[in-house]
Each structure stands twice: as C-alpha cells, then as structure tokens.
Amino acid sequence: MKRIAILISGRGSNMAALIAACERERWPAEVVAVLSDREGAAGLERARASGVTTEVVARSAFDSRESFDAALAARIDHYRADLVALAGFMRVLGDDLVERLGPRLVNIHPSLLPAFPGLHTHRRALEAGVRVHGATVHFVTAQLDRGPIIAQAAVAVHAGDTESSLAARVLAAEHRLYPLALRWLVEDRVRIDGTRVSVQGIGPADQLLWHHR
Ligand code: GRF
C-alpha cells in the first residue's frame, strides 16, 4: 500500500477527487494525511468528512521559509508518505525540500505547461487568444512549474468564455486528470527519462486527455 499525503491551501476540490478515486477504484494506496498551510482552508473540512487525517502547518507560525519547510518535511516524514501530491498548494517549496522529496513530489497546474506558469493562468490564456488550454500534472523540480510532465488535459477555449467559465471547464478536466496520473504513480508505472516521462502499459497518446465540454 502506497501512502499518499496531499498538500492544500484552499477549497480542495482536486484533493477530494483524489480521495474519492483512491477509494472508488480501490487503489493499492491510502491517503494518510491532508496538510494545509492555511488554518481556514475549506478542503480541511472536506478531508475530515471523508475520514482523512488533517493537519495545519501554518506559514504564519514560522519566521522563515526554511523553518516552515523543515516543519512540513517533518510532518511528511511522520506520515511516511510515499507520494506527496500538491493540490492547490499556494506556497513555493524550497529547493532543499523539493530535492529531498524528489520524484515523490507531484503537482497539478491549471495550464498546458510550459505555457502560463505561475498565477492567473485562465486570464492569461484568454488574453493570449489561445484556442486550447488545459491542465498539467508534473513532477516538481526546483524550477517553478517546469518539472517533467506526466499527463496533460486539453480543453477548448469557447468564443464567449470568461475567466470563470474557462476556469470551471479546466477544473472539471483537472478532476479527471489528477486521479488518472496519481494512480499511475501508485502503480509504479511512471518512468522519467531526462525531461520526458513514460508510463508503462499505456501509449504516450493516453498521457493526453481530451476534455470535451
Ligand atoms: C486548481 O486549479 C489547481 O490546478 C491550482 O489551484 C486550483 C486549486 O483548486 N493549482 P482546488 O483547491 O483543488 O479546488
């Protein structure tokens, strides 16, 4: 059984999708903890309602990022997490922690990376006039939003889209994409070859999900 820790800062809808898929599909895994850097994160309540242990490691309780990262690392160690899934976790982790976790650490980002790293991806996609947008699940490396890509979901941009309508369409895709990719990791099927990632037992075409809606 793989032990999964999920890190959140807010609403936790991706977290909820991961917890639900792990149970429903009977992954050989368990979500052992949900950790939040914010006391008021709505996702904490959702996690507790699913019977998952929650903990807050408040950034405000530490006077430097190093001490915050060290506290977070200690909790991840405590739960003996084999996989650490960032799901709307709004802090950049320091290089030491990223290096220490290595390929156990993955993230979901709401764009087709390497387009639109960072914040406000939907607004920027609309401004850029792209016809296709989406989400990416990737390994976390020291360079923000640039780690090896495990899977992507492509979403059409519609003529009348606003930032919120586009965000909603991408979020629905995220809820399909993240469980798909995390399951491959749970099953030890993911191989990193330099900057490229392959998944044993599936073709590269299946690392791209077309989200129609
Ligand atoms: C998602 O769009 C995720 O890709 C981004 O932040 C959002 C978090 O939403 N990093 P939720 O907390 O999972 O609902």
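Numbers given for residues are sequential positions, taken from 1 along each chain in its written order. Given that the model is predicted, a residue must reach a pLDDT of at least 70 before its local features are reported, and side-chain atom pairs must reach 80 or more before they are shown or counted; all residues, however, enter totals for whole chains, interfaces and linings. Only heavy atoms go into the side-chain values, all of them from the structure, while hydrogens and water stay out.

Let us look at the layout of surface pockets. Roughly 1000 Å³ of internal volume is contained in the largest pocket. Using protein atoms alone on a 1 Å grid, points that fit a 1.4 Å probe yet trap it form a cavity, whereas open point sets bounded by protein on both sides within 12 Å along at least five of seven lines form a pocket; residues with an atom within 4 Å of a point count as lining. Taken together, 42 residues form the lining of the largest pocket, with Gly-88, Phe-89, Met-90, Pro-110 and Leu-119 sitting closest to its centre. When contributions to the lining of the largest pocket are tallied by element, the ones reaching two or more residues are helix H1 (13-24), helix H4 (95-101), strand E5 (105-109), helix H5 (121-128), strand E6 (132-139) and helix H6 (163-186). Considering every element that reaches the lining of the largest pocket, the biggest residue donor is H6, with four residues. Split by residue class, the lining of the largest pocket holds 16 nonpolar, 17 polar and nine charged. Empty space within the second largest pocket amounts to approximately 250 Å³. Around the second largest pocket sit Ile-149, Gln-152, Asp-193, Thr-195, Arg-196, Val-197, Ser-198, Pro-204, Gln-207 and Leu-208, which together line it. For the purposes of this entry, the term helix denotes a DSSP run of H or I that reaches at least four residues, the term strand denotes a run of E that reaches at least two, and both are numbered from the N terminus. Those elements that provide at least two residues to the lining of the second largest pocket are strand E7 (149-156) and strand E9 (196-199). Counting residues per element, the lining of the second largest pocket draws most heavily on E9, at three residues. Ten residues, namely Ala, Val, Leu, Ile, Met, Phe, Trp, Tyr, Cys and Pro, are considered nonpolar, four, namely Asp, Glu, Lys and Arg, are considered charged, and the remaining ones, Gly among them, are considered polar. In terms of residue class, the lining of the second largest pocket is built from four nonpolar, four polar and two charged. Grid points are joined across faces, edges and corners, and a volume is the space filled by probe spheres set on the points.

Now for the site of the ligand. In the neighbourhood of the ligand, the contacting residues comprise Arg-11, Gly-12, Ser-13, Asn-14, Gly-88, Ile-108, Pro-110 and Glu-174. Side-chain atoms alone can form a polar contact between residues adjacent in sequence; in general such a contact is a pair of N or O atoms within 3.5 Å, and within protein one must be able to donate a hydrogen while the other accepts it. Here Gly-12 contributes a backbone N or O atom positioned 2.8 Å from an oxygen atom of the ligand. At a separation of 2.6 Å, an oxygen atom of the ligand approaches a polar side-chain atom of Glu-174. For the accessible areas, the method is Shrake-Rupley and the probe is 1.4 Å, while residue cover comes only from the protein chains on display. In isolation the ligand has 370 Å² of accessible area, and contact with the protein removes 86% of it. For this analysis, a molecule is said to be in a pocket or cavity if more than half of its atoms are within 2 Å of the grid points defining it. Spatially, the ligand is embedded in the largest pocket. For the domain bounds, the source is a domain assignment made automatically or taken from a database. Taken domain by domain, the shell around the ligand gets at least three of its residues from each of domain 1 (1-91) and domain 2 (107-213). Think of it this way: one heavy atom of a residue within 4 Å of a molecule or strand is enough to make that residue near it.

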